[in-house]
Amino acid sequence: MIITPIIMPKWGLSMKQGTVVSWLVDVGASINVGKPIMEVETDKIASDVEAPDPGLLRRKIANPGDVFPVKALLGVMAGPEVTDAQIDDFIASYVTPVDADDAEDGAAEQAWQWVEIDAIRVRYARRGNAQDGKLPVLFIHGFGGDLDNWLFNIDAVGAQNPVIALDLPAHGQSSLTLAGTTLADLARFIAKFLDALEVPRAHLVGHSMGGAIAARLALDAPARVASLSLIGSAGLGREINAGYLAGYVAANSRRDLKPVVEQLFADASLVSRQMLDDLLKYKRLDGVSAALTELAAGLFPGGQQGELPVPSLAAGGIPLLVIWGKEDRIIPASHAALAPKSVKDAKVAVLPGAGHMVQMEKAGEVNTLLKAHVG
Amino acid sequence: MARKISIKQAVNEALDQEMARDPAVICMGEDIVGGTGAGGEADAWGGVLGVTKGLYAKYGDRLMDTPLSESAYIGAAIGAAACGMRPVAELMFIDFMGVCFDQIYNQAAKFRYMFGGKAETPVVIRAMVGAGFRAAAQHSQMLTPLFTHIPGLKVVCPSTPYDTKGLLIQSIRDNDPVIFCEHKALYGIEGEVPEASYTIPLSEANIVREGKHCSIVTYGLMVHRSLEAAATLAKEGIEVDIVDLRSLSPLDLDTVLDSVTKTGRLVCVDEASPRCNIATDISAQVAMQAFSALKAQIEMVTPPHTPVPFSPTLEDLYIPSAAQIAAAVRKTIKGGQA
């Protein structure tokens, strides 16, 4: 007898509860792994909950509009051999586990760790464990982003491999000091970060600027890179949305920032008040604007990408996965075709219905691709 | 990194970080050091409610305890500002502004204009505002409208620790005179505040809650009362948009108009006396600029047009309550068209 609970997911380190928006399947429906079952909304973003295992949807517990804590029981999946009484028992005995990040007061802090590298204090998150001897996956965010850009990916990939996500220098909650403004500088910094965490070799997943940094590290220190996954990545072609970069750096009010951030998504309605407030809290810190201006000038001089490491990967033997949102308005999806085809196991996926933040908009598909690639 | 601190600590931290950053920043006020001859923090009160505590030990004579003469030291602060300093003068209770009004509205507010843009007056005058402190009619007023009336003054009144720190730092860096209003009933409330310095522009309202049925436009303590009302109304199926103005002059009318355009209904909540206050101003602007969006009459929730009573029972009745705000929202919904 296998009963699979459908639970409130935890998206990102600060999520404590979510609101059920709607069910996407009916009771009795047969469900495949990865099929969207329901839509859930947090104060940051809305997304789909996907089936962890195949089965029949047997019971809906949550109603649209209900608010549940993380890991609370929302519904039950089971095979036809399971009786209704057994499902009733399962529901009656289900206890919502205490969220480990929430166990104590001020616990959000414990979800993060800190390490100092070259006098730069770096915030990072670490999930999963290495019991199967699987190599860790390092997530590197893009320009102006932070580790919460991976809020839909860390736990899903972490169920398979150990995962690490960091805030780059002058990003998120890391120190507001740049570690240089070239890809080589930033790749060197990532190598030192991996040294500090005693990780000799890792799978690298990079988004946008983070993809270019990962590719640079793969060229400069190939022994440390088990595989590369480049998402909406810089470092393939010259073109980049210079208006976005300038607008993001300059915006200091919600009114100015909203249309800029909306360009990151195919579905602009995903840009919530909370998302903008969180970004403004970062952008308004003394020094952020100057640091981003300097970094943009270094990496994207004249509104174009200055360094293109990805095509040079052709000679290397590092497995490559390239993912793009078809409606990417920051770096065009046509750059996916510039990925070197001679690289070992090179795989390219262009996902419709997603923009630059494809790892958020199509989290399920991206997670499936990532897990298969790093597996 | 962010941690939880109170509004009182947020004010202290903003002053501390700006004094560390810019030697032109000085503080003046009654008892802000602790008394003449104070030997450092041990003897230093740090103002009537301890807001500036600890700063004298760090910055010494850059904090000046002044005589009990508001007209003298506010004038001195304005003069110092005109000569290149960035003084932060603490006036204790906004109720005492009367004795130094010429310095504020005829001098500080006019220098830039009268000298053809060649003079700047980067002074901040901090003062406690609001009722609920059992301090009677001369120490309890919400006099924000007296200052929004004057062109050339900026007026700020935050409701959270995060906003307090960012707006005070921005006020100190601003090149015009700013009246910075701190609600005494809010000093103790806590919220997440980054340790690093940051600024919030003096021209942006904050949306503290989103809803589609009615807009509440307010500031200061009334933001918290409105949030209480919103929680009650949500149980009845009524979702309100709450706009915290934060900065009363300049005023972010765009955010107000966007909200009213979305909801079609408006309740203005103001702790200031009802004649010519922030609520009447917002009402007039919305009626002029977004009349076609309105589905119902505009409602206002304010105290009665009386001095703040000393009787605790009467004082509690005087201050607009969450129940009054909720009732006003219901009235717009009943009185309006679908």
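Each chain has its residues counted from 1, running along the sequence as written. The lettering of chains begins at A and the numbering of ligands begins at 1, in the order of writing. With pLDDT at 70 or above as the cut-off, local features in this predicted model cover only qualifying residues; side-chain atom pairs require 80 or more to be listed or tallied, and sums for whole chains, interfaces and linings still use all residues. Note: side-chain values were computed over all heavy atoms of the structure, leaving out hydrogens and water.

A look at a nonpolar patch on the surface
On the surface, a nonpolar cluster with roughly 440 Å² of combined accessible area is contributed by Tyr113, Met114 and Phe115 of chain B. Met114 of chain B gets classed as exposed once you look at its relative accessible area, which sits at 61%. Residues forming no salt bridge and having over 30% relative accessible area are the ones grouped into patches, like charges within 9 Å of each other and nonpolar side chains (Val, Leu, Ile, Met, Phe, Trp, Tyr) within 5 Å. Here the Shrake-Rupley method, with its probe set to 1.4 Å, supplies the accessible areas, and only the displayed protein chains count as covering residues. Put simply, a salt bridge is a Lys or Arg side-chain nitrogen that is within 4 Å of an Asp or Glu carboxyl oxygen. Categorising residues by exposure relies on relative accessible area from a 1.4 Å probe, with only protein chains included: less than 20% of the type maximum marks a residue as buried, more than 50% marks it as exposed, and the intermediate range marks it as partly exposed.

Here's the deal with empty space enclosed by the protein
Residues and elements named next belong to chain A. Using a grid of 1 Å spacing that covers the protein atoms alone, one calls a set of points a cavity when a 1.4 Å probe fits there but cannot get out, and a pocket when the set is open and has protein on both sides within 12 Å along at least five of seven lines; lining residues are those with an atom within 4 Å of a point. Grid points are joined across faces, edges and corners, and a volume is the space filled by probe spheres set on the points. For the coordinates displayed, the defined rule picks out three cavities of 30 Å³ or more. Roughly 60 Å³ of volume is contained in the second largest cavity. In this structure, the second largest cavity is lined by Leu183, Met209, Ala212, Ala234, Leu299, Phe300, Gln305, Gly306 and Glu307. Per-class residue counts for the lining of the second largest cavity are six nonpolar, two polar and one charged. Three residue categories are used. Nonpolar comprises Ala, Val, Leu, Ile, Met, Phe, Trp, Tyr, Cys and Pro, charged comprises Asp, Glu, Lys and Arg, and polar comprises the others, including Gly.

A closer look at helix α8 (residues 221-235) of chain B
Note that an α-helix has 3.6 residues per turn; residues three or four places apart therefore point the same way. Residues and elements named next belong to chain B. Taking 1.5 Å as the rise per residue, α8 with 15 residues should run 21 Å; its terminal C-alpha atoms sit 23 Å apart, in good agreement. The way it works is that DSSP assigns letters per residue, a run of H or I at least four long becomes a helix, a run of E at least two long becomes a strand, and they are numbered from the N terminus. What α8 keeps buried is the set Leu221, Met222, Val223, Ser226, Ala229, Ala230 and Leu233. Residues of α8 that are buried make contact with β7 (178-183), β9 (206-209), β10 (214-218), β11 (240-244), β13 (266-269) and α12 (322-335). Two residues or fewer after α8 comes Gly237, characterised by a positive phi angle close to 85°. Helices are assigned an expected span. That span is 1.5 Å times one less than the residue count. We call two residues contacting when some pair of their heavy atoms lies within 4.5 Å.

Some words on the nonpolar core
Take the buried Ala, Val, Leu, Ile, Met, Phe, Trp, Tyr and Cys residues and link them wherever side-chain atoms come within 4.5 Å; each set so joined is a nonpolar core. Ranked by internal contacts, the top residues of the largest apolar core, which has 158 residues, are Phe143, Phe193, Leu228 and Phe265 of chain A. Broken down by element, this core gets its largest block of residues, eight residues, from helix α3 (residues 183-196) of chain A. Counting residues in each nonpolar core, the second largest holds 49 residues, with Ile179, Val217, Val256 and Ala272 of chain B among its members.

Quick notes on the domain arrangement of chain A
Residues and elements named next belong to chain A. Domain segmentation is taken from an automatic or database assignment of domains. Assigned domains within chain A: domain 1 (3-96) and domain 2 (107-374). Taking only C-alpha atoms, the centre of domain 1 and the centre of domain 2 are 30 Å apart. At the interface, ten residues of domain 1 touch 17 residues of domain 2. A quick way to say it: buried area is the sum, across both parts, of accessible area lost when two parts are put together, with a 1.4 Å probe. Across the domain 1 to domain 2 interface the summed buried area is about 1,200 Å²; carbon plus sulfur atoms make up 62%. Linking domain 1 to domain 2 there are zero salt bridges. N or O atoms within 3.5 Å of each other form a polar contact, as long as, within protein, one can give a hydrogen and the other can take it, and as long as residues adjacent in sequence are counted only when both atoms are side-chain atoms. Across the domain 1-domain 2 interface, the total number found is zero residue pairs in polar contact (both at pLDDT 80 or more). Partitioning the side of domain 1 that touches domain 2 into residue classes produces four nonpolar, two polar and four charged.

Here we look at the confidence of the model for chain A
Per-residue confidence from the prediction method is given by pLDDT, with values spanning 0 to 100. Scored by pLDDT, chain A comes out at a mean of 90, with 95% of its residues at no less than 70. Low pLDDT (under 50) marks residues 103-109 of chain A, which in the prediction has seven contacts with non-local residues, meaning those over four places away or in another chain.

Observations regarding the interface of chain B and chain A
One frequent convention defines the size of an interface as the accessible area lost when the parts assemble. Every contact between the two is made by 23 residues of chain B and, on the other side, 15 residues of chain A. Carbon and sulfur atoms supply 42% of the area buried between chain B and chain A, which totals about 1,500 Å² over both sides. Contact with chain A buries surface across chain B, with Met1, Tyr162 and Glu204 of chain B losing the most and accounting together for 35% of the total. Run the count over chain B and chain A and you get four salt bridges. With its nearest N and O atoms 2.5 Å apart, the salt bridge here joins Asp286 of chain A to Arg173 of chain B.

Considering the environment of Arg3 of chain B
Residue and element names in this part refer to chain B. Inspection of the secondary structure assignment puts Arg3 in strand β1 (residues 2-6). Taking the relative accessible area as the measure of exposure, Arg3 reaches 22% and is therefore partly exposed. With sequence-adjacent residues up to four places away left out, Arg3 is seen in contact with Glu13, Gly191, Glu192, Val193, Pro194 and Glu195. A polar contact is formed between the side chain of Arg3 and the backbone oxygen of Pro194, at a distance of 3.2 Å.

Some remarks on the sheet that holds β9 of chain B
To summarise the sheet geometry, strands pair through backbone hydrogen bonds and adopt either a parallel or an antiparallel arrangement. Residue and element names in this part refer to chain B. Read from one edge to the other, the open sheet built from five strands follows the order β9-β11-β10-β13-β14, with strand pairing classed as mixed. The two strands at the open ends of the sheet, each matched to only one other strand, are β9 and β14 (299-301). Going across the sheet, the axis of each strand differs from the next one's by a mean of 25°, ignoring polarity. Pairing between strands requires that DSSP locate at least two bridges from one strand to the other. Sheet analysis places β13 next to β14, joined by three bridges and oriented parallel. Considered in β14, the bridge of Val267 is made with Glu299. Every axis in this analysis is a line fitted to C-alpha atoms, fitted for helices over the stretch in contact. Angles between the N-to-C directions lie between 0 and 180 degrees. Those strands touched by helix α9 (residues 253-263) are β9, β10, β11 and β13, and its axis lies near 175° from that of β11.

Focus on the packing of aromatic side chains
A ring pair, where both rings are aromatic, is described by two values, the distance of the centres and the angle of the planes. Pairing of aromatic rings covers Phe, Tyr and Trp, the last through its six-membered ring, and needs centres within 6.5 Å; plane angles under 30 degrees mean stacked, over 60 mean edge-to-face, and all others mean tilted. Counted according to the given criterion, the structure contains eleven aromatic pairs over all chains. Each ring, one from Tyr162 of chain B and one from Tyr198 of chain B, has its centre 4.7 Å from the other, and the planes form 15°; the classification is stacked. One end of the pair, Tyr162 of chain B, is in helix α7 (residues 161-173); the other, Tyr198 of chain B, is in the loop between β8 (190-194) and β9, and 36 residues separate them in sequence. Tyr162 of chain B sits in the buried class, given a relative accessible area of 9%. One aromatic cluster is present, formed by Phe101, Tyr105 and Phe147 of chain B through successive ring pairs. The ring of Trp112 of chain A has Arg123 of chain A sitting right over it, with the charged end atom 4.3 Å from the ring centre. Here, a charge over a ring means that NZ of Lys or CZ of Arg falls within 6 Å of the ring centre while also lying within 35 degrees of the ring normal.

Things to note about the pairing of strand β2 (residues 17-23) of chain A
All names here are of chain A. In this structure, β2 lies alongside strand β7 (residues 67-69), joined through three bridges in antiparallel fashion. Across the sheet, residue Gln17 finds its bridge partner in β7, namely Pro69. Alignment of β2 against strand β4 (residues 36-41), held across four bridges, turns out to be antiparallel. Directly across from Thr19, in β4, lies its bridge partner Glu41.

Overview of the pattern of salt bridges
This model, assessed by the stated rule, comprises 35 salt bridges over all chains. Residue Arg254 of chain A pairs with Asp277 of chain A through a salt bridge whose shortest N-O separation is 3.2 Å. Placement of Arg254 of chain A in helix α6 (residues 254-262) and of Asp277 of chain A in helix α7 (residues 273-283) is noted, with a sequence separation of 23 residues between them. Of the two residues examined, Arg254 of chain A and Asp277 of chain A, each falls in the buried class. A salt bridge links Arg173 of chain B to Glu18 of chain B, with the nearest nitrogen and oxygen atoms 2.9 Å apart. Here Glu18 of chain B lies in helix α1 (residues 7-21) and Arg173 of chain B lies in helix α7, a separation of 155 residues in the sequence. Judged by relative accessible area, Arg173 of chain B falls into the partly exposed class, the value being 22%.

A short note on the pairing of strand β6 (residues 55-60) of chain A
Residues and elements named next belong to chain A. When strand β3 (residues 30-31) meets β6, the two strands line up antiparallel, connected through two bridges. When the bridges of β6 are listed, Ser30 appears paired with Leu56. As judged from the four bridges shared by β6 and strand β8 (residues 73-78), these two strands associate in the antiparallel manner. What sits directly across from Leu56, in β8, is Ala78.

Details of unusual backbone geometry
With an omega of 0°, the peptide bond between Ser249 of chain B and Pro250 of chain B qualifies as cis. The backbone of Lys71 of chain A sits at a positive phi, close to 75°, despite the residue not being glycine. Along the chain, the position of Lys71 of chain A falls in the loop between β7 and β8. Among the residues examined, Lys71 of chain A registers a relative accessible area of 27% and is labelled partly exposed. For Ala170 of chain A, which is not glycine, the phi dihedral falls at a positive 65°. By the element assignment, Ala170 of chain A lies in the loop between β12 (163-166) and α3. On the basis of relative accessible area, Ala170 of chain A is assigned to the buried category, the value being 1%.

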